[in-house]
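Here is what each chain is made of, one letter per residue.
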Amino acid sequence: MSEVLDNLLYSEEHEWAQQVEGRIVRVGITDHAQHLLGDIVFVEFPEVGSAISAGDSVGSIESVKTVSELYSPVSGKVTKINDGLEASPELINDKPYGEGWIFEIEVDGEYAEAVEGLLDTAGYRALVGE
């Protein structure tokens, strides 16, 4: 059974979103997604400063099994990437909700509106059948 945290919101593409401060949202992939991918060996990040829309493919995650697209759960401007993943992409496997976060984005408009379409914990558990 995958870990699903109560303080996060989730996309149907298996990304999580967490409000860091104000309109800044931290994004990563879920524990469920990292289990499906297997050992992660490389992360392609979105460009800092780029404007992206919710649902856009913004990078990729490469594992020993496959390459998977990385999607943004919200719209806004990328403000930061987790450059620690360049040297240690396996942090996503070890701590998907902690040190394994992938990027931060300043959402367009109000936070509450930006995350409106995301799933809560119960919704994500139902999506993955847990």
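Each value, and the rule that gives it
- Residues numbered from 1 in each chain as written.
- Predicted model: local features only at pLDDT ≥ 70, side-chain atom pairs only at ≥ 80, totals over all residues.
- Heavy atoms only, no water.
- Pairing = 2+ DSSP bridges.
- Helix = DSSP H or I, 4+ residues; strand = E, 2+ residues; numbered from the N terminus.
- UniProt positions renumbered as here; feature names shortened; annotations may be inferred.
- Buried < 20%, exposed > 50% of the residue type's maximum accessible area, 1.4 Å probe, protein only.
- Arc of directions from axis to C-beta.
- Contact = heavy atoms within 4.5 Å.
- Polar contact = N/O pair within 3.5 Å; in protein donor to acceptor, adjacent residues only side chain to side chain.
- Phe/Tyr/Trp six-rings, centres within 6.5 Å; stacked < 30°, edge-to-face > 60°.
- Lys NZ or Arg CZ within 6 Å of the ring centre and 35° of its normal.

**Points about the pairing of strand β7 (residues 67–71)**
1) Next: Direction of pairing for strand β6 (residues 57–63) relative to β7: antiparallel, over a ladder of five bridges. Bridge assignment links E62 to a residue of β7, and that residue is V67.
2) Next: Here β6 hands over to β7 after three residues, the two strands then running antiparallel side by side.

**Comments concerning the UniProt feature "domain: Lipoyl-binding" (unreviewed entry) in the protein chain**
1) Next: With numbering matched to this structure, UniProt assigns "domain: Lipoyl-binding" (unreviewed entry) to residues 24–106.
2) Next: With 18% helix and 42% strand, the stretch residues 24–106 has end C-alpha atoms that lie 4 Å from each other.

**Description of helix α5 (residues 121–128)**
1) Next: Those residues of α5 that fall on the buried side of the exposure criterion are T121, Y124 and V128. Buried residues of α5, viewed axially, fall in a sector of 65°; they line one side. With respect to the buried face of α5, the exposed residues turned more than 90 degrees away are A122 and A126.
2) Next: Packing partners of the buried residues in α5 comprise β1 (9–10) and α1 (31–37).
3) Next: For α5, the capping residue at the N-terminal end is D120, with a side-chain oxygen 3.3 Å from the backbone nitrogen of A122.
4) Next: Phi for G129, located one or two positions after α5, is positive at around 75°.

**Describing the packing of aromatic side chains**
Two aromatic rings are characterised by how far apart their centres lie and by the angle between their planes.
1) Next: For the structure on display, the rule yields two aromatic pairs.
2) Next: Seen in terms of ring centroids, Y10 and Y124 are 4.6 Å apart; in terms of plane orientation they differ by 20°. Their pairing is stacked. Placement of the pair is Y10 in strand β1 and Y124 in helix α5, with a sequence separation of 114 residues. The exposure classification of Y10 matches that of Y124, with both residues buried.
3) Next: Relative to Y97, the ring of W16 has its centre 6.0 Å away and its plane inclined at 55°; by these criteria the two rings are tilted. With W16 in strand β2 (residues 15–21) and Y97 in the loop between α3 (91–94) and β9 (103–107), this pair connects stretches of sequence that are 81 residues apart. Like W16, the residue Y97 is buried in the burial classification.
4) Next: Lying over the aromatic face of W101, R26 brings its terminal NZ or CZ to 4.4 Å of the ring centre.

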